[in-house]
Amino acid sequence: MPTRAERNIRIGAALAGVVILAAAVITERSIARLVNDVEWVQHTQQVIDGIDKLEGQTIRREAAGRVYQITGDPYFLERYRRLAIDVHESVEGLVKLTRDNAAQQQRLDQLQSLLDQREVLPHLKGQAAVQESRNLPVVQDAPLTAAFDALTGQLRGEEEELLSKRRTEEAASIRLTYIVLGLLAVLLAALLTATYTVAWRALVTRRHALARSGFLNLELERTNATLEVKRAEAYHANQLKSQFLANMSHELRTPLNAISGFSELMAEELAGPLNEKQKRFVGHIRQAAKHLLQLINDVLDLSKIEAGELRLEVAPLDPAPVLGEVASAMAALAREKAIELRTECEADLLVRADARRLKQILYNLLSNALKFTPESGRVDVKVWRNGDQIRFEVSDTGPGISLDDQRIIFDEFRQAAAAANGVKEGTGLGLAISKRLVERQGGQIEVESNVGQGSLFRFWLPMAEASAASATEDSATPPAVLSASAPSRAAGEESRKAPLVLVVDNDADARELIKSVLEGAGYAVATSDSSAGAVQAMKARKPDLITLDLLMPDGHGFGTLYELRSAYKEKLPPVIIVSVVEDRATGFALGATDYLLKPVSRDELLSTIGKYLPPAKAAVLVVDDDPAVLDMAREVFAEPWVTVYLAATGKQGLEVVTSQHIDAIVLDLIMPEMNGFEFLSALRRNESLRHIPVSVLTSRDLSKNEFQILQNQATKVFHKHEEWRPKLVAEIERALGRNISEGISAP
């Protein structure tokens with residue numbers, strides 16, 4: 001609200017404006033009137049000048065005519081004629097100038113008549129008439145001259161009177177204008193003086209007020225400076241926190257990768273059999289590692305979102321496969337709690353989203369729904385089109401969420417108290433991350449719930465056009481994937497039965513873990529702990545596929561990838577990055593075929609590598625006349641990469657080994673037609689088959705001589721009356737591993 005001084009200043013300024021406007025109007029009108037008076041004065045002066053000019057022309061005309069009569073000189077005749085024309089024009093000019101004055105018009109008519117009467121020479125026509133005019137008497141008509149002078153005098157007199165009157169009016173107008181302008185100037189000066197006085201007083205008052213508030217302003221500036229420092233410190237601390245979380249997550253992923261991987265191998269009893277208690281302990285380890293990995297991923301995602309460093313690969317995609325994959329992953333949890341899990345996805349949908357982040361959002365919502373829904377409940381997932389949006393809904397029959405909890409449920413580290421229902425698992429980050437991921441992709445998320453009536457989480461993302469999806473599919477495939485098959489071997493190169501994978505990682509545990517998984521799946525493995533070693537191994541071993549870590553002691557893994565890509569170009573085999581560092585965009589730009597983030601599960605590693613390099617099949621021949629042993633062998637070696645051949649006699653076994661490629665043999669000694677010793681003798685005599693490792697499994701008590709024969713011709717001997725199964729499995733795996741990787745070692 002303006003102060004009193006400000007109001008007075010505004011009023012004074014307004015009055016000054018009014019005075020200036022009035023002065024402008026009066027000045028404009030005075031100037032217009034003055035211009036009019038000046039024009040009338042000039043007009044009157046023109047009439048007087050015209051009368052004087054007419055008198056002179058008349059006198060000169062009469063003089064020229066009389067001189068001609070006296071002298072007969074043609075020059076004066078011509079002059080007479082020109083002056084007669086000038087007199088006529090002067091009269092017409094006076095008529096035009098005085099057309100608004102009837103009295104003057106009447107006098108001019110009389111004047112024209114007198115001029116006609118005062119013609120000294122008649123209107124001559126022809127030379128004879130001119131000669132005749134010379135005989136006219138030269139006379140002076142005094143009455144006509146007196147009448148002419150009287151008329152011109154009257155014309156001049158009236159015009160001079162008008163001129164005097166109009167000059168008087170002109171002077172009066174000028175004086176009035178000066179007086180009015182003077183009064184307005186005085187009034188304006190008074191107003192400006194008053195306004196200046198008020199403004200000065202207001203300025204003095206404000207200065208006093210500012211002087212009184214100077215201390216407060218100084219304190220405010222100090223407070224602002226302190227707040228700015230605190231803000232900078234907080235920003236720096238937040239940056240350090242984000243960097244710390246990112247570094248710590250990377251540091252934690254490395255040992256967690258070993259814990260998850262080796263515990264998975266132990267759970268699958270690839271390192272030997274476990275009793276029930278050991279299996280239970282290993283299960284606890286795997287569950288804890290999985291929970292820790294989820295926590296690390298959530299914290300890292302949140303820190304990236306807060307720092308604005310989260311990269312999204314938004315592209316048109318069909319949500320149905322994503323939903324199916326998430327539902328398949330959560331099906332086991334639903335079965336454990338007897339929860340009915342139903343999914344419904346409208347056909348022919350395309351959504352603009354990051355496939356991995358969309359999967360993460362659905363996983364968070366669906367896992368929460370299954371976690372908090374009691375046994376024998378129901379969880380529904382629906383996806384449909386709504387205008388230019390694709391909507392996702394996850395509903396459950398859980399305990400519901402109160403209104404108070406709904407206000408905080410999307411905040412970090414916050415969980416709904418009522419909905420938890422005793423469930424302690426979780427960090428309170430899943431929904432917070434989901435909300436930010438949805439919003440980063442141009443959508444929104446919301447919740448509807450009533451306590452005791454379940455919950456419904458709904459989010460929507462922009463719909464994508466089919467043409468955009470087609471273009472994205474054409475351009476999004478990395479060049480390395482299009483030529484991801486293993487390069488062909490040069491002629492004369494030593495053949496090998498198993499495809500070779502080069503594992504490049506500076507961490508010994510990680511190398512051992514990947515090596516164990518791959519060798520167990522039928523791959524040959526070479527390893528390297530440095531970038532230089534990777535380049536040497538690529539040159540010497542020519543692997544069929546490379547797994548590459550980015551954290552190397554002698555440089556960054558991206559540098560190694562660039563060097564390999566530059567050196568081998570299209571001959572470079574598929575390169576799969578397996579690292580704790582997540583930078584997919586750079587990896588694919590440099591030519592990586594695929595990207596896995598540690599810790600990576602055995603199934604994920606094998607399925608990813610299998611897309612570009614299927615494992616070699618290993619063949620095991622079991623020769624035994626006991627059907628129970630054959631059935632047990634079929635179960636023991638039931639691996640995707642192992643083909644099991646069964647033979648009931650030595651003769652059948654020999655037929656199989658000569659017609660099929662066999663990597664290892666399990667042989668009984670007591671069989672009809674051809675016993676085990678005869679089989680071994682025939683096998684070792686064949687140059688192409690003698691290298692096959694043979695494990696003897698028999699119930700026969702061997703003599704010293706038989707035992708020596710088997711020592712020379714068999715790899716191992718197992719007795720059926722002992723605990724032979726785990727030992728035999730270990731020996732066959734060892735034999736297959738040795739046979740597959742024969743001649744291959746780490747550089």
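Bear in mind the structure is a predicted one, so any value in this text is a computation, not a measurement. (Residues numbered from 1 in each chain as written. Predicted model: local features only at pLDDT ≥ 70, side-chain atom pairs only at ≥ 80, totals over all residues. Heavy atoms only, no water.)

Focus on the overall build of the protein
So, step 1. Tallying secondary structure elements over the protein gives 23 helices and 19 strands in all.
So, step 2. Taking contacts inside the protein between residues at least 6 apart in sequence as the whole, the part at least 24 apart equals 72%. (Helix = DSSP H or I, 4+ residues; strand = E, 2+ residues; numbered from the N terminus. Contact = heavy atoms within 4.5 Å.)

Some details on the packing of helix H21 (residues 676-685) against helix H22 (residues 704-713)
So, step 1. Relative to each other, H21 and H22 sit at 35 degrees, their axes nearing to 11 Å. Seen from above, H21 lies across H22 with left-handed handedness. Together, Phe 677, Leu 680, Ser 681 and Arg 684 of H21 and Glu 706, Ile 709, Leu 710 and Gln 713 of H22 make up the contact between the two elements.
So, step 2. Taken together, the residues of the contact of H21 with H22 sort by class into four nonpolar, two polar and two charged. (Axes fitted to C-alpha atoms, helices over the stretch in contact; angles between N-to-C directions. Left-handed = near helix turned anticlockwise from the far one by under 90°. Nonpolar A, V, L, I, M, F, W, Y, C, P; charged D, E, K, R; others polar.)

Digging into the pairing of strand E6 (residues 444-449)
Walk down a regular strand and you will see the side chains alternate between the two sheet faces.
So, step 1. Residues Ile 445, Val 447 and Ser 449 of E6 are buried on one face, while the alternating residues Gln 444, Glu 446 and Glu 448, pointing to the opposite face, are not.
So, step 2. Where E6 and strand E7 (residues 455-462) come together, six bridges link them in antiparallel fashion. Residue pairing for E7: Glu 448 is matched across the bridge by Leu 456. (Buried < 20%, exposed > 50% of the residue type's maximum accessible area, 1.4 Å probe, protein only. Pairing = 2+ DSSP bridges.)

Some thoughts on the pattern of salt bridges
Side-chain pairs of opposite charge can arise whenever the charged atoms involved come near each other.
So, step 1. As enumerated under the stated definition, the model contains 18 salt bridges in all.
So, step 2. The partner of Glu 446 in a salt bridge is Arg 458, with the nearest N and O atoms 2.5 Å apart. Of the two residues, Glu 446 sits in strand E6 while Arg 458 sits in strand E7, which places them twelve residues apart along the sequence.
So, step 3. By relative accessible area, Arg 458 is classed as buried at 10%.
So, step 4. When the shortest N-O distance is used, the salt bridge between Asp 549 and Lys 598 registers 3.9 Å. Here Lys 598 lies in the loop between strand E14 (594-597) and helix H18 (602-612) and Asp 549 lies in the loop between strand E10 (545-548) and strand E11 (551-552), a separation of 49 residues in the sequence.
So, step 5. Residue classification places Asp 549 among the buried residues on the basis of a relative accessible area of 3%.
So, step 6. Exposure remark for Lys 598: the relative accessible area of 4% places this residue in the buried category.
So, step 7. Several salt bridges share partner residues, and in doing so they unite Glu 340, Arg 342, Arg 378 and Asp 380 into one network. (Salt bridge = Lys/Arg side-chain N within 4 Å of Asp/Glu carboxyl O.)

Quick notes on the confidence of the model for the protein
Low pLDDT marks regions whose predicted coordinates should not be analysed in detail.
So, step 1. A residue-level look at the protein finds 82% of positions with pLDDT of 70 or above and a mean pLDDT of 78.
So, step 2. A low-confidence stretch, residues 123-130 (pLDDT under 50), is modelled with eight contacts involving residues beyond four sequence positions or located in other chains. (pLDDT = per-residue confidence, 0-100.)

Points about the sheet that holds E6
So, step 1. The mixed open sheet is built from five strands, whose spatial order is E2-E4-E5-E7-E6. Of all strands in the sheet, those bounded by a partner on one side alone are strand E2 (340-345) and E6. On average, adjacent strands in this sheet sit at an angle of 15 degrees to one another, irrespective of strand direction.
So, step 2. Packed onto the sheet, helix H7 (residues 319-336) meets E2, strand E4 (378-386) and strand E5 (389-396) and runs at close to 180 degrees relative to E2.
So, step 3. Across the sheet, helix H11 (residues 430-440) touches E6 and E7, and the angle it forms with E7 is around 25 degrees.

Regarding the nonpolar core
So, step 1. With 39 residues, the main nonpolar core has Leu 358, Leu 365, Leu 366, Phe 392, Phe 457, Phe 459 and Leu 461 as its most contacted residues.
So, step 2. The element that contributes the greatest number of residues to this core is helix H8 (residues 355-372), accounting for seven residues.
So, step 3. Once residues within four sequence positions are removed from consideration, Phe 392 is found in contact with Pro 319, Leu 358, Leu 362, Lys 382, Val 383, Phe 457, Arg 458, Phe 459 and Leu 461. (Core = buried A, V, L, I, M, F, W, Y, C linked by side-chain atoms within 4.5 Å.)

Digging into H18
Each α-helix turn comprises 3.6 residues. Residues three or four places apart therefore point the same way.
So, step 1. Along H18, the residues that are buried comprise Arg 602, Leu 605, Leu 606, Thr 608, Ile 609 and Tyr 612. For H18, the angular spread of the buried residues around the axis is 165 degrees, confining them to a single face. Seen from the open side of H18, the exposed residues pointing more than 90 degrees away from its buried face are Asp 603 and Lys 611. (Arc of directions from axis to C-beta.)

Observations concerning the sheet that holds E14
So, step 1. With respect to topology, five strands assemble into an open sheet ordered E9-E8-E10-E13-E14, the strand pairing being parallel. Two strands bound the open sheet, and with one partner strand each, they are strand E9 (524-528) and E14. Mean inter-strand twist for the sheet, computed between neighbouring axes without regard to direction, equals 20 degrees.
So, step 2. Where E10 meets strand E13 (residues 575-579), three bridges bridge the pair, whose relative direction is parallel. What sits directly across from Ile 546, in E13, is Val 575.
So, step 3. On top of the sheet, helix H15 (residues 531-541) reaches strand E8 (500-504), E9 and E10; it is set at about 170 degrees to E8, its chief contact.
So, step 4. Contacts from helix H16 (residues 557-568) reach E10 and E13 within the one sheet, and its direction differs from that of E10 by about 155 degrees.

Details of the packing of aromatic side chains
So, step 1. Tallied over the full model, the rule gives three aromatic pairs.
So, step 2. The interplanar angle of 75 degrees and the centroid separation of 5.2 Å between the aromatic rings of Tyr 75 and Phe 76 together place this pair among those described as edge-to-face.
So, step 3. Pairing Phe 410 with Phe 457 gives two aromatic rings, centres 6.3 Å apart and planes at 85 degrees, and the pair type is edge-to-face. With Phe 410 in the loop between helix H9 (403-408) and helix H10 (417-420) and Phe 457 in strand E7, the pair connects residues that are 47 residues apart, well separated along the chain.
So, step 4. Relative accessible area serves as the criterion here: at 9%, Phe 457 is assigned to the buried category. (Phe/Tyr/Trp six-rings, centres within 6.5 Å; stacked < 30°, edge-to-face > 60°.)

Observations regarding a negative patch on the surface
So, step 1. A contiguous patch of negative charge on the surface is contributed by Asp 318, Glu 344, Glu 346 and Asp 348.
So, step 2. Mapped onto the elements, Asp 348 comes out in the loop between E2 and strand E3 (351-353). (Patch = residues over 30% accessible without salt bridge, like charges linked within 9 Å, V, L, I, M, F, W, Y side chains within 5 Å. Areas by Shrake-Rupley, 256 points an atom, 1.4 Å probe, with all protein chains shown as cover. Lys, Arg positive; Asp, Glu negative; His and termini not counted. Charge placed at Lys NZ, Arg CZ, Asp CG, Glu CD.)

So, a nonpolar patch on the surface
So, step 1. A cluster of nonpolar side chains, contributed by Tyr 196, Trp 200 and Leu 203, occupies part of the molecular surface with about 340 Å² of accessible area.
So, step 2. As for its position among the elements, Tyr 196 is in helix H5 (residues 142-267).
So, step 3. According to the relative accessible area criterion, Tyr 196 is exposed, its value standing at 56%.

Let's talk about the packing of helix H14 (residues 508-520) against H18
So, step 1. Following both chains from N to C, one finds H14 and H18 inclined at 65 degrees, their axes separated by 11 Å at the closest point. For the pair H14 and H18, the crossing hand works out as right-handed. Taken together, the residues of H18 that come into contact with H14 (itself represented by Ile 514, Val 517 and Leu 518) are Arg 602, Leu 605, Leu 606 and Ile 609.
So, step 2. Residues of the contact of H14 with H18, tallied by class, amount to six nonpolar, no polar and one charged.

Quick look at the environment of Leu 572
So, step 1. For Leu 572, the position within the fold is in the loop between H16 and E13.
So, step 2. Through-space distance from the C-alpha of Leu 572 to that of Ile 546 is 9.3 Å; in sequence the pair is 26 residues apart.
So, step 3. Setting aside residues up to four positions removed in sequence, Leu 572 forms contacts with Met 538, Ile 546, Leu 564 and Arg 565.

Structural notes on helix H20 (residues 650-659)
So, step 1. The set of residues buried in H20 consists of Gly 650, Gly 653, Leu 654, Val 656 and Val 657. On an axial view of H20, the arc spanned by its buried residues comes to 160 degrees, and they lie on one face. In this structure, H20 carries Thr 658 and Ser 659 as exposed residues pointing more than 90 degrees from its buried face.
So, step 2. Check the buried side of H20 and you find it contacts strand E15 (618-623), strand E16 (642-647), strand E17 (664-667) and H21.

Some points on the side chain of Thr 547
So, step 1. Its location among the elements puts Thr 547 in strand E10.
So, step 2. Those residues within four positions of Thr 547 in sequence are excluded, and the remaining contacts are Val 501, Leu 502, Val 503, Val 504, Ile 576, Val 578 and Ile 609.

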